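Structural overview for review
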Amino acid sequence: MSHSDNGQTGSAATRRRVLAAMGGASVVGLAGCVGGDGGDGGDGGDGGDGDGGDDMNEFVASAAANPGTFDPTIITDATSNSVVGTMAYERLVALTFDYSEFRGELASSYEQVDDTTFRFQLREGVTFHNGDEFTAEDVQFSINRTSGTTNSADVSFIENVEVLGDYEVEITSSNPHAPFLSDLAAVPILTSKTDAISENPEQDEHDFTEETLGTGPWVLDEFSAEDRAVLVPFEDYWYDGDEYPGTAPWDQVTIRVIPEQVSQEEAMAAGELDMIDNAAPFELDQWANQTGEIVTGDAVGFDFISYPVNQSPFTNEKLRRGMTRLLPKSDVIEAVFGGYATELAGPISPGLGAFWDEEHEQRLLDEYVGEDEEEGLRLIGEAFEEEDIEAPFDVSFITNVNRTRERWMEIIQQTMDETEYFNAELDVRAFDDLVPFLLDPEGAAASTDVVGIGWTGGSDPDGHINQLLHSSQHVPDGFNWNLYESDEMDSLIEEGQTTLGAENRLPIYQDIQELVAQDVPMANMWTSDVIDIVNPSNIESVDQWSPHPNASNRYNTLYKPHLDEIVYPAE
């Protein structure tokens with residue numbers, strides 16, 4: 001078994017993260033890995049032997065779910081974003097993979113005019129996939145198009161977008177907004193010059209599975225639902241640097257939809273895939289002497305369980321705290337993640353660099369949310385007495401189809417079931433079924449179910465917190481599906497958004513972490529390392545492969561020349 005660590009040390013951040021801090025790739029959302037009841041995984045198809053049966057340089061990867069949508073403006077899940085959202089579409093700015101700096105993507109340069117205003121010079125000579133020329137009007141159109149959608153939080157800080165010329169635009173926020181660039185790095189730019197789409201995605205007549213309308217280096221060539229998406233290089237891509245080729249060096253990238261984790265691993269072992277990012281961390285030894293080299297890197301996303309804080313008896317904070325105290329997080333990290341994960345007290349992960357304080361984190365674990373069986377049982381007992389609940393109380397632990405997630409949720413379910421207080425069961429659903437349940441005000445918000453899932457987070461701490469915990473983000477307008485509400489939390493989140501400078505924002509996010517630990521609307525579990533399995537025989541060098549800390553950008557390492565990321569086919 002070979003093992004490379006190509007991950008970059010988390011740095012500071014500055015943006016929504018990839019939230020957070022900076023940005024990076026900015027899109028945050030549910031880290032799903034989707035569901036399905038089985039997946040074929042092993043039908044061979046046009047596998048990853050590198051030539052697709054002829055001399056074509058083909059790269060074949062897997063996706064654990066069928067993309068939910070190909071309209072980049074309304075994408076809310078990591079699978080859709082990774083398959084098409086960041087391959088075919090671009091933003092004004094983008095973060096490097098180590099979150100160390102923003103670079104212009106469709107902006108050739110930019111400057112901060114004052115605390116609330118950025119001015120962007122746009123690249124000239126850029127064309128959309130349909131041949132339209134990229135201009136400043138498209139920036140204004142795309143921001144307006146995002147407003148009012150599930151992703152409106154990405155643009156809600158914007159007060160005005162002023163077109164100063166064909167290739168110059170000025171964007172002003174209503175208040176100083178710390179994740180300014182990070183949030184913009186989440187807004188895909190589409191052409192405004194076709195009548196097929198409008199500023200209201202619900203009124204569009206365009207079929208995004210037939211034609212992509214971005215400026216990215218890849219265009220969608222073929223999509224077969226529940227089977228595969230095929231992307232080919234955009235021949236008129238704008239990159240004209242000398243260091244890398246002007247178009248992607250691959251003739252074709254095929255993303256095969258294989259929901260089952262074990263089916264992905266079987267296909268990889270059989271040489272049918274060139275990359276999977278969903279390998280079971282507790283079975284990495286299987287790659288010894290098999291096709292596939294393990295490449296790991298830092299991540300910023302995290303797993304968590306959410307409590308139904310507005311449903312009795314979970315309205316009692318002692319119950320939530322007591323259950324959290326029972327969670328065997330360190331044992332799970334060793335048994336399920338093979339040690340490739342870091343325990344968390346709150347939603348801020350070490351990948352956020354300047355916003356991570358290990359000493360503060362440990363204090364929260366010791367005082368509030370670290371494992372302590374005796375204290376946990378005591379708190380649960382008091383909560384049951386106060387709420388006059390007769391044990392055992394029936395409770396369902398819900399998660400999505402994903403072998404790793406199912407395994408740790410099963411351990412939690414069994415831990416609770418083994419107490420005298422709960423009759424606990426595990427409910428595993430397809431990701432495509434779970435997401436609507438979460439976003440429906442009559443779904444998770446109205447049940448007593450405990451949900452276990454992942455969040456991609458982002459390069460800015462705001463991306464780890466706002467959409468999950470601010471009262472303005474209650475479903476269906478956001479992702480706060482347990483309808484948690486706290487004036488103090490809202491105030492802190494808004495203060496974090498409007499305070500500039502990581503050093504000034506750090507204490508705010510420490511207060512937020514502490515409030516999460518005290519109120520316990522969610523139990524943050526861990527951030528697991530990115531683990532990619534790569535076929536070394538089909539690429540020039542495994543050293544070229546950089547796992548992205550955000551699952552929404554998992555295939556971007558293939559070709560992002562302006563971010564110094566490229567993987568060449570084997571000769």
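Up top is the structure.
Numbering of residues starts from 1 in each chain and follows the order in which that chain's sequence is written. Local features are withheld for residues below a pLDDT of 70 in this predicted model, meaning they are given only at 70 or higher, and side-chain atom pairs are given and counted only at 80 or more; totals for whole chains, interfaces and linings count all residues. Side-chain numbers here rest on the full set of heavy atoms in the structure, without hydrogens or water.

**Some words on the sheet that holds strand β6 (residues 107-114)**
Strand pairing is defined by DSSP finding a minimum of two bridges between the two strands. Working definition: helices are DSSP H or I runs of at least four residues, strands are E runs of at least two. Numbering for both runs from the N terminus. Taken in spatial order, the four strands line up as β6-β7-β9-β8 in an open sheet, and their pairing is antiparallel. Edge positions in the sheet fall to β6 and β8 (158-165), since each has one partner strand and no second. Sheet twist, expressed as the average angle between the axes of neighbouring strands with direction ignored, equals 20°. Where β8 lies against strand β9 (residues 168-173), six bridges are found, and the strand directions are antiparallel. Simply put, an axis is a line fit to the C-alpha atoms, just over the touching stretch for a helix, and the angle between two N-to-C directions goes from 0 to 180 degrees.

**A short note on empty space enclosed by the protein**
In this analysis a 1.4 Å probe is tested at points of a 1 Å grid over the protein atoms alone, and where it fits but cannot get out there is a cavity; an open set with protein on both sides within 12 Å along at least five of seven lines is a pocket; lining residues have an atom within 4 Å of a point. Grid points are joined across faces, edges and corners, and a volume is the space filled by probe spheres set on the points. Applying the stated criterion across every chain, the model contains eight cavities of 30 Å³ or more. Its boundaries defined by the atoms lining it, the largest cavity holds a volume of some 640 Å³. Every residue lining the largest cavity is counted, 36 residues in all, and those nearest its centre are D277, R405, S528, D529 and A551. Sorting the residues of the lining of the largest cavity by element identifies β15 (302-306), α9 (403-417), β19 (450-455), β20 (522-528) and β21 (530-534) as the ones contributing at least two each. Looking at the lining of the largest cavity, its residues break down into 18 nonpolar, twelve polar and six charged. Following the grouping adopted for this structure description, the nonpolar residues are Ala, Val, Leu, Ile, Met, Phe, Trp, Tyr, Cys and Pro, the charged ones are Asp, Glu, Lys and Arg, and the polar ones are all others, Gly among them.

**Notes on α9**
Helices are assigned an expected span. That span is 1.5 Å times one less than the residue count. With 15 residues, α9 extends 21 Å between its outermost C-alpha atoms, agreeing within 8% with the 21 Å of an ideal straight helix rising 1.5 Å per residue. Exposed residues in this analysis have more than 50% of their type's maximum accessible area, buried residues have under 20%, and partly exposed residues fall in between, with area computed by a 1.4 Å probe over protein chains only. If you check which residues of α9 are buried, you get T404, R405, W408, M409, I412, Q413 and M416. Looking down the long axis of α9, one finds its buried residues gathered within 165° of arc, a one-sided arrangement. Polar contact is the term for a pair of N or O atoms within 3.5 Å; when the atoms are in protein, one must be able to donate a hydrogen and the other to accept it, and sequence-neighboring residues count only if both atoms are side-chain atoms. Where α9 begins, the side chain of N402 points an oxygen toward the backbone nitrogen of T404, at a separation of 3.1 Å. Working note: the arc is built from the helix axis to C-beta atom directions.

**Some thoughts on the environment of E361**
If you trace the backbone, E361 turns up in helix α7 (residues 358-369). Using a relative accessible area of 3% as the deciding quantity, one classes E361 as buried. Separated by 17 residues in sequence, E361 and L344 place their C-alpha atoms 7.3 Å apart. Setting aside residues up to four positions removed in sequence, E361 forms contacts with E343, L344, A345, G346, I348, W356 and Q513. A distance of 3.1 Å separates polar atoms of two side chains, one belonging to E361 and the other to Q513. Only heavy atoms enter the contact rule, under which two residues are in contact if any of them lie within 4.5 Å.

**As for the side chain of T172**
Within the secondary structure, T172 is located in strand β9. Not counting the four nearest positions on each side in its chain, T172 is found in contact with T116, T117, F157, I158, E159 and N160.

**Digging into the packing of aromatic side chains**
Note on aromatic pairs: the rings of Phe, Tyr and Trp (six-membered ring only in Trp) are paired at centre separations within 6.5 Å, and the planes decide the class, stacked below 30 degrees, edge-to-face beyond 60, tilted for the rest. What the rule picks out here adds up to 23 aromatic pairs. Where F128 meets F134, the ring centres are 6.1 Å apart and the plane angle is 75°; that geometry is what we call edge-to-face. For F128, a relative accessible area of 0% gives the class buried. Judged by centre distance (5.3 Å) and plane angle (65°), the rings of W455 and F479 are edge-to-face. Here W455 is found in strand β19, whereas its partner F479 is found in the loop between α11 (462-469) and α12 (487-498), with 24 residues between them in sequence. Accessibility assignment for this pair places W455 and F479 in one class, buried. Cation placement over rings: the criterion is NZ of Lys or CZ of Arg within 6 Å of the ring centroid and within 35° of the ring normal. Across from the ring centre of F282, 3.9 Å away, lies the NZ or CZ of R407, which sits over that ring. When the ring centre of F437 is taken as reference, the NZ or CZ atom of R429 above it lies at 4.5 Å.

**A look at the nonpolar core**
Only buried residues count toward a nonpolar core, which is a set of Ala, Val, Leu, Ile, Met, Phe, Trp, Tyr and Cys residues joined through side-chain atoms within 4.5 Å. Counting residues in hydrophobic clusters, the biggest one holds 70 residues, and the most contacted among them are F59, L92, F120, I143, I171, L184 and W218. Examining the composition of this core, we find that four residues originate from one element, helix α2 (residues 136-146), more than from any other. Contacts of I171, omitting those with residues within four sequence positions, involve L92, T116, T117, F118, F120, V139, I143, I158, N160, V161, F180 and L184. Of all hydrophobic cores here, the second largest spans 65 residues; its members include F355, V395, I465 and Y484.

**Details of α2**
Along α2, eight of the eleven residues are buried, which leaves the element largely enclosed by surrounding structure. When we look at burial in α2, the residues that qualify are A136, D138, V139, F141, S142, I143, R145 and T146. At the C-terminal side of α2, G148 shows a positive phi close to 90°.

**Side note on the packing of α7 against helix α13 (residues 502-519)**
Running from N to C, α7 and α13 cross one another at 20°; their axes reach a closest spacing of 10 Å. On the basis of the axis angle, α7 is roughly parallel to α13. The element α7 and its partner α13 pack so that their crossing is right-handed. Facing α7, whose interface residues are H360, E361, R363, L364, Y368 and V369, α13 presents Q510, Q513, E514, A517 and Q518. A class-by-class count of the residues in the contact of α7 with α13 yields four nonpolar, four polar and three charged. Any angle that is under 35 degrees is reported as roughly parallel, and any over 145 degrees as roughly antiparallel; angles of 65 to 115 degrees are reported as roughly perpendicular and all others as oblique. In this scheme the handedness of a crossing depends on how the near helix is turned from the far one: anticlockwise by less than a right angle means left-handed, clockwise means right-handed.

**Observations regarding the environment of E101**
Mapped onto the elements of the fold, E101 is located in the loop between β4 (93-95) and β5 (102-104). Considered as a pair, E101 and L563 are 462 residues apart in the sequence and their alpha carbons are 9.8 Å apart. Setting aside anything within four residues of it in sequence, one finds E101 in contact with A94, L95 and T96.

**Things to note about the packing of α11 against α12**
Between α11 and α12, whose axes approach to 11 Å, the crossing angle comes to 145°. Here α11 and α12 pass one another in a crossing that is left-handed. Touching D462, I465, N466 and L469 of α11 are M489, D490, I493 and Q497, all from α12. Residue composition of the contact of α11 with α12, by class: four nonpolar, two polar and two charged.

**A look at the side chain of E265**
Looking at the secondary structure, you find E265 in helix α4 (residues 261-269). The exposure class assigned to E265 is buried, which follows from its relative accessible area of 3%.

**Some words on the pairing of strand β12 (residues 252-257)**
Counted residue by residue, β12 has six buried out of six residues, so it is predominantly covered. Across six bridges, strand β3 (residues 58-63) lies against β12 in parallel orientation. Looking at β12, one finds that A63 is bridged to V257. Pairing geometry for strand β11 (residues 228-233) and β12, over four bridges, is antiparallel. Residue pairing for β12: R228 is matched across the bridge by R256.

Read these as geometric descriptors, not functional statements.
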